[in-house]
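In case you want the letters, here they are:
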Amino acid sequence: KNEPRRACAGRSWGGAGSLCDISFLNVSSHSGTCMEASWASGPMQLQYRIAVERAGRAILEQNPRMLISICGLDYCTDLADVAQFPPDLPRANVVYEAHEYPWYHDPVTRRSNTLYTCKLEHQWGHLLRAGTAP
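Let me begin by describing the structure that accompanies this report.

Reading the values: the criteria
- Residues numbered from 1 in each chain as written.
- Predicted model: local features only at pLDDT ≥ 70, side-chain atom pairs only at ≥ 80, totals over all residues.
- Heavy atoms only, no water.
- Helix = DSSP H or I, 4+ residues; strand = E, 2+ residues; numbered from the N terminus.
- Contact = heavy atoms within 4.5 Å.
- Core = buried A, V, L, I, M, F, W, Y, C linked by side-chain atoms within 4.5 Å.
- Buried < 20%, exposed > 50% of the residue type's maximum accessible area, 1.4 Å probe, protein only.
- Expected span 1.5 Å × (residues − 1).
- Bend = angle between axes of the 7 residues up to and from the residue.
- Salt bridge = Lys/Arg side-chain N within 4 Å of Asp/Glu carboxyl O.

Description of the overall build of the protein
Part 1 of the argument: Along its length, the protein carries 4 helices and 6 strands.
Part 2 of the argument: Order of helices (α) and strands (β) in the protein, N terminus to C terminus: β-β-β-β-α-β-α-β-α-α.
Part 3 of the argument: Contacts in the protein between residues far apart in sequence, at least 24 positions, make up 55% of those at least 6 positions apart.

Written as structure tokens, this is what we have:
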């Protein structure tokens, strides 16, 4: 899924949308409950790294020359845990994808180059600096 983010039980779009059933993730979910994926912690069904590896292997089984584009969590902005817990996929086939949105950052962070740079370094910049990402 592009731009993975939380899923909530109940009606979407201010009550006008169809019911979003997240009970397959957690049998105790009820209206108003939200589930959020993590990279490599928490319940297995919410670990995004597992989904990335499964999808990546399926793609490479069909064509071993394909590139696997892995986007970050939370609207594709967060790849913070990827360096510590890399996906079990051939590195030559992996490309990391980070999206940057001005609305994603609070006004104080947006006005401060230092805060902004630190936030991006934590979320995905470290992958470039450390040579983890191509």
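That shown, we press on.
Some words on the nonpolar core
Part 1 of the argument: In terms of nonpolar packing, the biggest core is built from 16 residues, with Trp-39, Ile-70, Leu-89 and Tyr-96 touching the most fellow members.
Part 2 of the argument: Mapped by element, the contributors of at least two residues to this core are α1 (48-62), β5 (68-71), α2 (73-76) and β6 (94-97).
Part 3 of the argument: Among residues more than four places away in sequence, those in contact with Leu-89 are Val-52, Glu-53, Gly-56, Arg-57, Leu-60, Ile-68, Ile-70 and Val-94.

Considerations on helix α4 (residues 113-129)
Part 1 of the argument: Between its first and last C-alpha, α4 extends only 18 Å over 17 residues, short of the 24 Å set by a 1.5 Å rise per residue.
Part 2 of the argument: Along α4, the sharpest change in direction is near 70 degrees and occurs at His-122.
Part 3 of the argument: Packing partners of the buried residues in α4 comprise β6.
Part 4 of the argument: Looking at the residues trailing α4, positive phi occurs at Gly-131, about 80 degrees.

Some words on the pattern of salt bridges
Part 1 of the argument: Scanning the entire structure with this criterion turns up 4 salt bridges.
Part 2 of the argument: As a salt-bridge pair, Arg-57 and Glu-53 come within 3.9 Å of each other at their nearest N and O atoms. A residue pair is termed a helical-turn pair when its members lie 3 or 4 positions apart in one helix, as Arg-57 and Glu-53 do in helix α1 at 4 residues.
Part 3 of the argument: Given the relative accessible area of 42%, Arg-57 is considered partly exposed.
Part 4 of the argument: The network of salt bridges with common partners includes Arg-49, Glu-53, Arg-57 and Asp-88.

Thoughts on the environment of Ala-133
Part 1 of the argument: With respect to the helices and strands, the residue Ala-133 is situated in the segment after α4.
Part 2 of the argument: Classification of Ala-133 as buried rests on a relative accessible area of 16%.
Part 3 of the argument: In this structure, the C-alpha to C-alpha distance between Ala-133 and Val-82, residues 51 residues apart in sequence, is 9.8 Å.

Some remarks on the environment of Thr-132
Part 1 of the argument: Within the secondary structure layout, Thr-132 lies in the segment after α4.
Part 2 of the argument: Between the C-alpha atoms of Thr-132 and Ala-83, which are 49 residues apart in sequence, the distance is 6.7 Å.
Part 3 of the argument: In this structure Thr-132 touches Ala-83, Arg-91, Tyr-96 and Leu-127, once residues within four positions along its chain are discounted.

Examining the side chain of Gln-47
Part 1 of the argument: For Gln-47, the position within the fold is in the loop between β4 (34-35) and α1.
Part 2 of the argument: Setting aside anything within four residues of it in sequence, one finds Gln-47 in contact with Ser-38, Trp-39, Ala-40, Ser-41 and Gly-42.

Structural measurements only, silent on function.
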